[in-house]
Amino acid sequence: KWEDILQTVKEEHEITQISFDTWLKPLEICTVDDHKLYILVPEEMNITGLKYITRRYELPLKVTIAEMTGIEYELVFVLPEEAKKLKTSPKKQPVTSELAERSNLNPSYTFDTFVVGSNNRFAQSASLAVAESPGEAYNPLYIYGGPGLGKTHLMHSIGNFILEQNPDLRVLYVTSEEFTNEVIESIRTGNATAMTKLREKYRTVDVLMIDDIQFIIGKESTQEEFFHTFNVLHAAGKQIILTSDKPPKEMETLEERIQSRFEWGLMADIGVPDYETRMAILRRKVEADEMDLSDDILNYIATNIKSNIRELEGALNKLLAYSNLVKTEITMDIAMKELQNIITPDKPKEITPQLIIEVVSEHCQISLEQMISKNRSSAVARPRQIAMYLCKNMTNIPLESIGKLLGGRDHTTIMHGVNKITEEYETNENTRTLIETIKKKINPN
Ligand code: ADP
Ligand code: MG
């Protein structure tokens, strides 16, 4: 019956599926007291979500309930805490829905590809509120959290959603780096039209999104330009959305006047996902990529990569690349081997001369025996010299010891090898690339 009421509200008010799933579906009847109907709001929505729901959905709900029951209830939205006093049990509902994509934004970053967990539910609902009523719900919306936790994804979701609802709105997404570069460029050109153009571009939008705003710190003219852009847009009721790796007050050297602007609207943080959320994200991606991976493997990844969703996805991509290449089923053994560089058992691999020699020999397809042999043909001597060079540059061991490890060569031979590669590195692009590639293999970080 409650479901019917919600469904009717949805239809009568043409509420989108995503809005419905986010705001209405999680609501539950808590208790009825005379003509008061208590409605339970999930804890994660907290007081901010509750206020938003009240503002936007109280009236539609009230009207529909009156129509369907013939009783005019007063609606009271309550969080679990208050509800406990009344009696109830909270329940959470994940959000899924279908949404189309838009250009200029990454079309695959939408609300429906965003897995909601307790770590991001608040940020997700705040984002959706902004997407539903740009300029009206919370302005600015400031999303912050560590790297790879979904800030950019959420930001694009808002943009895609807004354009989906209203293709006429002008939505602009930039990274703060792009913004900075444009400011610098217009200053460098030094003519007034460049500046005017920049202002026209940024001050006439309906929705401005700047990603990773922390990077404008310390860049004076960029901060200045941003400050005025912010004021113009905000005064005109245009939506501003920002992301950062930390809350405004922790951006220590950011000008105070800008800091306080950030706090005008709503700040929402995204935390580290719990195990269930990590598994859900992995499952979603496995499905999307039509991969065939056992739960054991997903579990292995989710257990070992905890604090960065980008790395979580990176692990899957690595396995995907492997299976495309080798065309075999991925077993747990393969997964563990392939992922050993990503999933580091606590401490990073130590860089030893042995490791360097091994990696060089593998990369150049020379056996270890050949590496230490007396063979002086260039096919063998060159990789050997590269190993000398890398040992000298990546470790602290003396030339004599490098010589010993490489087949008992004396230190002038090592010196010669090191010098030769050093010179090549400086003059030959291919050598440089080769060395950098091998270095990356030795030390992926
Ligand atoms: P941030 O901007 O916080 O560094 P991103 O938004 O770039 O992080 O997210 C990194 C990757 O993880 C992206 O590919 C993104 O799609 C994915 N991702 C992050 N959070 C989620 C989530 N809740 N559900 C699905 N994918 C996610
Ligand atoms: Mg980002």
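All values derive from a computational prediction rather than experimental measurement.

## Examining the overall build of the protein chain
Broken down by element type, the protein chain carries 20 helices and eight strands. A total of 445 residues make up the protein chain; the buried ones form 46% of that total. For the protein chain, the proportion of contacts with a sequence separation of at least 24, taken over those separated by at least 6, is 72%. About 22,900 Å² of surface is accessible on the protein chain, with carbon and sulfur atoms providing 49% of the total.

## Thoughts on the sheet that holds strand 2 (residues 36–40)
Spatial strand order, 1-2-3: three strands in an open sheet with mixed pairing. Edge strands, defined here as strands with exactly one partner in the open sheet, are strand 1 (28–33) and strand 3 (74–78). Between one strand axis and the next, the sheet turns by 25° as a mean value, whatever way the strands run. Here five bridges tie strand 2 to strand 3, and the two strands are oriented parallel to one another. When the bridges of strand 3 are listed, Leu 40 appears paired with Val 78. Docked against the sheet, helix 3 (residues 46–69) engages strand 2 and strand 3, running at close to 150° with respect to strand 3.

## A few points about the site of ligand 1
Surveying the vicinity of ligand 1 reveals 17 residues, the closest of which are Val 115, Gly 148, Thr 152, His 153 and Glu 313. Here an oxygen atom of ligand 1 sits 3.0 Å away from a polar atom, N or O, in the main chain of Gly 150. One of the side-chain nitrogen or oxygen atoms of Arg 310 is found 2.9 Å away from an oxygen atom of ligand 1. In the complex, 92% of the free accessible area of ligand 1, which totals 550 Å², lies under the protein chains. Elements supplying a minimum of two residues to the shell around ligand 1: helix 6 (151–165) and helix 13 (309–326). Of the residues belonging to the shell around ligand 1, the class tally is seven nonpolar, seven polar and three charged.

## Points about the sheet that holds strand 8 (residues 266–270)
Pairing between the strands of a sheet comes from backbone hydrogen bonds, and it takes one of two forms, parallel or antiparallel. Pairing is parallel in the open sheet, where five strands are placed in the order 5-6-7-4-8. Both outer strands of the open sheet, strand 5 (171–175) and strand 8, are each paired with one neighbouring strand and no more. Neighbour to neighbour, the strand axes of the sheet diverge by 15° on average, direction disregarded. Relative to strand 7 (residues 239–244), strand 6 (residues 207–211) runs parallel, the two sharing four bridges. If you follow Met 209 over to strand 7, its bridge partner there is Ile 241.

## Focus on the pattern of salt bridges
With the rule as written, the count across this model stands at 15 salt bridges. A salt bridge links Arg 257 to Glu 255, with the shortest nitrogen-to-oxygen separation between them at 2.7 Å. Assessed through its relative accessible area of 29%, Arg 257 is described here as partly exposed. One continuous salt-bridge network, built from bridges that share partners, spans Arg 199, Arg 203 and Glu 225.

## Re the packing of aromatic side chains
Applying the stated criterion to the full structure yields 11 aromatic pairs. Feature note: the residues Tyr 142, Tyr 144, Phe 179, Tyr 202, Phe 226, Phe 230, Phe 262 and Trp 264 constitute an aromatic cluster, connected by ring pairs. The side chain of Lys 10 reaches across the aromatic face of Phe 20, ending 5.7 Å from its centre. Here the basic side chain of Arg 257 rests over the ring of Phe 227, its NZ or CZ set 3.9 Å away from the ring centre.

## Regarding the packing of helix 2 (residues 17–24) against helix 3
The axes of two packed helices give the description: the angle between them and the distance between them. Running from amino to carboxyl end, helix 2 crosses helix 3 at an angle of 115°, the nearest separation of the two axes being 11 Å. Between helix 2 and helix 3, the angle falls in the class roughly perpendicular. The handedness of the crossing between helix 2 and helix 3 is left-handed. Residues Ser 19, Trp 23 and Leu 24 of helix 2 form the contact with helix 3, whose own contacting residues are Gly 49, Tyr 52, Ile 53, Tyr 57 and Leu 61. Residues that form the contact of helix 2 with helix 3 fall into these classes: six nonpolar, two polar and no charged.

## Quick notes on helix 11 (residues 275–288)
Given a rise of 1.5 Å per residue, 14 residues ought to cover 20 Å, and the 20 Å separating the end C-alpha atoms of helix 11 matches this to within 8%. Here helix 11 has its buried residues at Thr 277, Arg 278, Met 279, Ile 281, Leu 282, Lys 285 and Val 286. The secondary structure elements touched by the buried residues of helix 11 are helix 12 (295–304) and helix 13. A positive backbone phi angle near 50° is found at Glu 290, which sits one or two residues after helix 11.

## Section: the UniProt feature "binding site: ATP" (unreviewed entry) in the protein chain
In this structure's numbering, the residues bearing the UniProt feature "binding site: ATP" (unreviewed entry) are Gly 148, Gly 150, Lys 151 and Thr 152. Judged by its relative accessible area of 7%, Lys 151 falls in the buried class. A polar contact of 2.7 Å, which involves the side chain of Lys 151, links it to the backbone oxygen of Gly 146. Along the chain, Thr 152 falls in helix 6. Exposure remark for Thr 152: the relative accessible area of 24% places this residue in the partly exposed category. The contact partners of Thr 152, leaving out residues within four places of it in the chain, are Tyr 109, Tyr 173 and Asp 211.

What counts, and where the lines are drawn
Residues numbered from 1 in each chain as written. Chains lettered and ligands numbered in written order. Predicted model: local features only at pLDDT ≥ 70, side-chain atom pairs only at ≥ 80, totals over all residues. Heavy atoms only, no water. Helix = DSSP H or I, 4+ residues; strand = E, 2+ residues; numbered from the N terminus. Buried < 20%, exposed > 50% of the residue type's maximum accessible area, 1.4 Å probe, protein only. Contact = heavy atoms within 4.5 Å. Areas by Shrake-Rupley, 256 points an atom, 1.4 Å probe, with all protein chains shown as cover. Pairing = 2+ DSSP bridges. Axes fitted to C-alpha atoms, helices over the stretch in contact; angles between N-to-C directions. Near = heavy atom within 4 Å. Polar contact = N/O pair within 3.5 Å; in protein donor to acceptor, adjacent residues only side chain to side chain. Nonpolar A, V, L, I, M, F, W, Y, C, P; charged D, E, K, R; others polar. Salt bridge = Lys/Arg side-chain N within 4 Å of Asp/Glu carboxyl O. Phe/Tyr/Trp six-rings, centres within 6.5 Å; stacked < 30°, edge-to-face > 60°. Lys NZ or Arg CZ within 6 Å of the ring centre and 35° of its normal. Parallel < 35°, antiparallel > 145°, perpendicular 65-115°, else oblique. Left-handed = near helix turned anticlockwise from the far one by under 90°. Expected span 1.5 Å × (residues − 1). UniProt positions renumbered as here; feature names shortened; annotations may be inferred.

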